[in-house]
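A closer look at the structure
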Protein chains: 2
Amino acid sequence: MKRPLILVSNDDGITSKGIRTLVNVMKRLGDVLVVAPDSPQSGMGHAITVGETLRLTESFIFEGVKAYECSGTPADCVKMARHFVLRDKVQPDVVVSGVNHGSNTSISVLYSGTMSAAIEGAIEGTPAIGFSLCDFSHDADFSHTEEYIYKITKQVLDKGLQKGVALNVNFPPKRAEAVKGIRICRQANAKWVEEFLERIDPNGRKYYWMTGNFVNFDKGEDNDEWAIANNYVSVVPCQFDLTAYSALPTLNEDWEILNQ
Amino acid sequence: MKRPLILVSNDDGITSKGIRTLVNVMKRLGDVLVVAPDSPQSGMGHAITVGETLRLTESFIFEGVKAYECSGTPADCVKMARHFVLRDKVQPDVVVSGVNHGSNTSISVLYSGTMSAAIEGAIEGTPAIGFSLCDFSHDADFSHTEEYIYKITKQVLDKGLQKGVALNVNFPPKRAEAVKGIRICRQANAKWVEEFLERIDPNGRKYYWMTGNFVNFDKGEDNDEWAIANNYVSVVPCQFDLTAYSALPTLNEDWEILNQ
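Described below are features of the structure shown in this document. (Residues numbered from 1 in each chain as written. Chains lettered and ligands numbered in written order. Predicted model: local features only at pLDDT ≥ 70, side-chain atom pairs only at ≥ 80, totals over all residues.)

**Re the nonpolar core**
Formally: Any nonpolar core is a set of buried residues, restricted to Ala, Val, Leu, Ile, Met, Phe, Trp, Tyr and Cys, that join up through C-beta atoms within 7 Å. Note on burial: count the other C-beta atoms lying within 10 Å of the residue's C-beta; 20 or more is buried, 12 or fewer is exposed, in between is partly exposed, and C-beta positions come from the backbone. Residues are defined as contacting one another if the C-beta atoms placed from their backbone atoms lie within 7 Å.
If you look at the biggest cluster of nonpolar residues, it comprises 144 residues, and the most contacted ones within it are A:Val8, A:Leu22, A:Ile129, B:Val8, B:Leu22 and B:Ile129. Setting aside residues up to four positions removed in sequence, B:Val8 forms contacts with B:Ile19, B:Leu22, B:Val23, B:Met26, B:Val32, B:Val34 and B:Val96.

Below, the structure written as structure tokens:
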């Protein structure tokens, strides 16, 4: 049987510990191609490079794996992998992104470069998965994620995914107690409340650091925040059709300006 | 009656023609506060500034309007307006963004800084609207959009919007024939197919320009692409809960690894 082709990207950059974990697991599952940012791209959301140029350079940091570092965003990396490196001639069997250093649960999915790489895969019709570890440290312990990354990716390769869907997978931080299992979840209803810390630069001008506190409004047990807090791996299927279908009838009925 | 407080942002930057159009219309509807990027931020998606600092400087380019230019992304601008400029003490009655120089129909909503500013508004529970003109030129003619911007914003101020929803409003380019009216739409099923143009820099190193062709797969007449092509204003209600609810039952039934 032909080995699957697996495209790997991330948002912490090609030298991060998280992508090394992901590449090592993927080598057990298929042939791996890495196209990842040459510098950290956290918080880039679904940004793409418009009006500026891109660089793409072969990298030799993964033994036995074809890899490139790209000057662009995670979404740029996936576009460049498919339409330039693979020349649209070969399609990956799965696109995986991560493992992110930090949580991408709940509303953070919107700001996540990790998930934008996965969603680019889904837009192109390829099954795609973003993996994140709810531990922001640079030298985070990823050892407990490997078995789950393998099982989830294998399941997706075997069963496929609904068209237009990418999975947002989050892992609890490494704890003394083993992870309890996997939960299929919805995105929790939560948000960040920002604060801006004012500082003065050496020239006497003000500048600001944005900091945020996460606020969870969700009391349910079927969402990703609950799963992580209870030591489960959370899996949220995400879509890129943002239409709020439930709002269509009301707008059509209520808006007088439609008939003017 | 108290005049509404209207927060204005955009992604083309505070000096663009589009935001000037929007500010002028909003002055007829309420008290206006502008917090907009100090440089163009097209294609920034829902990026936020992580690990870098922000600048915020008062601007005097709009007569009689309090305005600030911010070094960050459109999403940063809205966060900074609410949590720093307004100190969380006053809530805007509506957040408006644009008018973008260029289309944000269909899949482009994901890459749109204009819409990320609006969606930030929705996350905070404020009615929010992103406006875009399907004409990318720097000196585009916005004259036909003004009446519609006024009517749509007035309607939203009067009726409110479903919680968690921001409107993605696109205008057809200025044509000889008048715009036919407004259509409530879903996001069209379409995508960009990228090409990468290779160039050589003065030092002999390769670099690339990303270009794209828009491909519309959607044959329906209820989507935003159809509306624009037929000279209507398109209004798509957008949500930030990305959960693909339709995929939940299948995953729960099909995945053997849930029970291992």
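**Some words on the relation of the copies chain A and chain B**
Heads up, the condition is: In this comparison the copies share one frame, found by least squares on the C-alpha atoms of residues holding pLDDT of at least 70 in both.
Here chain A sits on chain B after a turn of 180° about the axis and a move of 0.0 Å along it, with an RMSD of 0.0 Å. Between the two chains, the operation in question is that of a two-fold axis. Of the residues that chain A buries at the interface, 100% are likewise interface residues in chain B, meaning the two copies contact each other through the same surface.

**Structural notes on the sheet that holds strand β1 (residues 5-9) of chain B**
Residue and element names in this part refer to chain B. Operational definition: Strands pair, by our definition, only if DSSP identifies at least two bridges between them. Only DSSP runs of H or I reaching four residues or more are called helices, and only runs of E reaching two or more are called strands; each is numbered from the N terminus. Throughout, an axis means a line fitted to C-alpha atoms (over the contacting stretch in the case of helices), and angles, computed between N-to-C directions, take values from 0 to 180 degrees.
Overall, mixed pairing links the nine strands, which are arranged β3-β4-β2-β1-β5-β6-β7-β11-β8 in an open sheet. Bordering the open sheet on either side are β3 (56-59) and β8 (182-184), each of which pairs with just one other strand. On average, each strand axis in the sheet is inclined to that of its neighbour by 25°, with strand direction left out of account. Inspection of the sheet shows β1 paired to strand β5 (residues 94-101) by four bridges, in the parallel sense. Looking across to β5, one finds that Ser9 is bridged to Ser97. Across the face of the sheet, helix α1 (residues 17-27) comes into contact with β1, β2 (31-37), β5 and β6 (128-133) while running at roughly 145° to β5.

**Considerations on the interface of chain A and chain B**
Applied cut-off: When residue character is reported, Ala, Val, Leu, Ile, Met, Phe, Trp, Tyr, Cys and Pro are called nonpolar, Asp, Glu, Lys and Arg charged, and the others, Gly included, polar.
The interface is formed by 62 residues belonging to chain A together with 62 residues belonging to chain B. Of all elements in the fold, only α2 (74-85), α3 (113-123), α4 (146-159), β8 (182-184), β9 (190-200), β10 (206-216), β11 (233-239) and α6 (248-254) of chain A reach the threshold of two or more residues within the side of chain A that touches chain B. Here the residues of the side of chain A that touches chain B are counted per class, giving 35 nonpolar, 16 polar and 11 charged.

**Description of the pairing of strand β7 (residues 165-171) of chain B**
All names here are of chain B. Short version of the rule: Handedness of a crossover is defined as follows: orient the strands so they point away from the viewer, and if the path from the first strand over the helix to the second runs clockwise, the crossover is right-handed.
Within β7, seven of the seven residues are buried, which leaves the element mostly enclosed by the surrounding structure. As paired elements, β6 and β7 share six bridges and run parallel to each other. Note on β7: the bridge partner recorded for Gly130 is Asn168. Handedness of the crossover is the feature at issue here: the chain leaves β6, passes through helix α4 (residues 146-159), returns alongside β7, and the resulting connection is left-handed.

**Overview of the packing of helix α2 (residues 74-85) of chain B against helix α3 (residues 113-123) of chain B**
All names here are of chain B. We apply this condition: Angle categories are assigned with fixed cut-offs, so that under 35 degrees is roughly parallel, over 145 is roughly antiparallel, 65 to 115 is roughly perpendicular, and the rest are oblique. Crossings are classed by handedness, with left-handed meaning an anticlockwise turn of the near helix from the far one by less than a right angle and right-handed meaning a clockwise turn.
Interaxial distance between α2 and α3 falls to 7 Å at its minimum, and their mutual angle equals 30°. The angle between the axes of α2 and α3 places the two elements in the roughly parallel class. Two packed elements cross with a definite hand, and for α2 against α3 that hand is right-handed. Judged by residue contacts, Pro74, Ala75, Cys77, Val78 and Lys79 of α2 engage Gly113, Thr114, Ser116, Ala117, Glu120 and Gly121 from α3. Residue composition of the contact of α2 with α3, by class: five nonpolar, four polar and two charged.

**So, α4(A)**
Because an α-helix packs 3.6 residues into every turn, residues spaced three or four apart end up facing the same way. All names here are of chain A. The condition that has to hold: A helix is expected to span 1.5 Å for every residue after the first.
Taking 1.5 Å of rise per residue, the 14 residues of α4 would be expected to cover 20 Å, and the 20 Å separating its terminal C-alpha atoms lies within 8% of that figure. Lining the buried residues of α4 we find α1 (17-27), β5 (94-101), β6 (128-133) and β7 (165-171). Just downstream of α4 lies Gly160, where phi reads positive at about 75°.

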